[in-house]
Amino acid sequence: MATSLKNLSQHSDKNISDISKKRFGIVVSEWNEEVTESLYEGALETLLAHGAKKENIYRKNVPGSFELSLGGQRMAEVEEIDAVICLGCVIQGETRHFDFICDAVAHGITQVGLKYNKPVIFGVLTPENQQQALDRAGGKHGNKGDEAAITAVKMLGF
Ligand SMILES: Nc1c(NC[C@H](O)[C@H](O)[C@H](O)CO)[nH]c(=O)[nH]c1=O
Ligand SMILES: CC(=O)[C@@H](O)COP(=O)(O)O
């Protein structure tokens, strides 16, 4: 996983299982679309690079990161879906709204994974500003989407 150099795209090859028959749901927040589309591309490429079939990867959008919990649940409740990846980017503003969204979506996604006993991955950036987001969506710190996808793959090998 990410090293002290904080490259989100670096990972070990431990617990990588055959995912050629696995089905993945990817839920993408539309807020900060420039960032979340990069996260999606990273996640998709990582899944394909590790053997997933494109026809087994299903994408749905939600308006914002707060809705990732419900969107993730709608995916997770589909029996044929083996793992869900939730992608979003919540950028700090002037008020405490950031805190409420981040807390809610982290808790919500956790609960969905526990409820359906399948990997539901928290692929949500919570930066202070746009540059920090871009640095983690294919920039100098790698791509959070890569990290989220490899986490799903590894958890399927758990
Ligand atoms: N400010 C950001 C939001 N805000 C919208 C919320 O996620 C939610 O859609 C709204 O509160 C209605 O429920 N969402 C992000 O994903 N990123 C932000 O920076
Ligand atoms: C994280 C957000 O919802 C953000 O857009 C809110 O900005 P603000 O706190 O300045 O209203």
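Residues numbered from 1 in each chain as written. Chains lettered and ligands numbered in written order. Predicted model: local features only at pLDDT ≥ 70, side-chain atom pairs only at ≥ 80, totals over all residues. Heavy atoms only, no water.

An unreviewed UniProt entry lists the protein under the name 6,7-dimethyl-8-ribityllumazine synthase, with Echinicola pacifica as the source organism. Here is the UniProt Catalytic activity (unreviewed entry) comment for the protein, exactly as written: "(2S)-2-hydroxy-3-oxobutyl phosphate + 5-amino-6-(D-ribitylamino)uracil = 6,7-dimethyl-8-(1-D-ribityl)lumazine + phosphate + 2 H2O + H(+)". UniProt, in its Pathway (unreviewed entry) section for the protein, records the words "Cofactor biosynthesis; riboflavin biosynthesis; riboflavin from 2-hydroxy-3-oxobutyl phosphate and 5-amino-6-(D-ribitylamino)uracil: step 1/2." (UniProt positions renumbered as here; feature names shortened; annotations may be inferred.)

This next bit is on the packing of aromatic side chains. The final tally for this structure, using the stated rule, is 0 aromatic pairs. We note Arg-59 situated over the ring of Tyr-40; from NZ or CZ to the ring centre the distance is 4.4 Å. (Phe/Tyr/Trp six-rings, centres within 6.5 Å; stacked < 30°, edge-to-face > 60°. Lys NZ or Arg CZ within 6 Å of the ring centre and 35° of its normal.)

Burial runs high along strand 4 (residues 120-125): 5 of the 6 residues are buried. Strand direction decides the pairing type here: strand 3 (residues 83-89) and strand 4, joined by 6 bridges, are parallel. By the bridge assignment, Ile-85 is partnered in strand 4 with Ile-121. In this fold, the crossover linking strand 3 to strand 4 by way of helix 3 (residues 97-116) has right-handed handedness. (Buried < 20%, exposed > 50% of the residue type's maximum accessible area, 1.4 Å probe, protein only. Helix = DSSP H or I, 4+ residues; strand = E, 2+ residues; numbered from the N terminus. Pairing = 2+ DSSP bridges. Right-handed = clockwise from strand over helix to strand, strands pointing away.)

The subject of this paragraph is the UniProt feature "active site" (unreviewed entry) in the protein. The positions that UniProt labels "active site" (unreviewed entry) are, in the present scheme, His-97. With respect to the helices and strands, His-97 occurs in helix 3. Taking the relative accessible area as the measure of exposure, His-97 reaches 51% and is therefore exposed.

One pass over the structure, following the stated rule, counts 2 salt bridges. For the salt bridge of Glu-37 with Arg-59, the shortest nitrogen-to-oxygen distance reads 2.5 Å. Pair noted here: Glu-37 is in helix 1 (residues 33-49) and Arg-59 is in strand 2 (residues 57-62), with a separation of 22 residues, a long-range link. Exposure remark for Glu-37: the relative accessible area of 26% places this residue in the partly exposed category. The closest approach of N and O atoms between Glu-147 and Lys-144, which form a salt bridge, is 2.9 Å. One end of the pair, Glu-147, and the other, Lys-144, are both in helix 5 (residues 144-156), 3 residues apart, so they sit about a helical turn from each other. Both residues of the pair, Glu-147 and Lys-144, count as buried. (Salt bridge = Lys/Arg side-chain N within 4 Å of Asp/Glu carboxyl O.)

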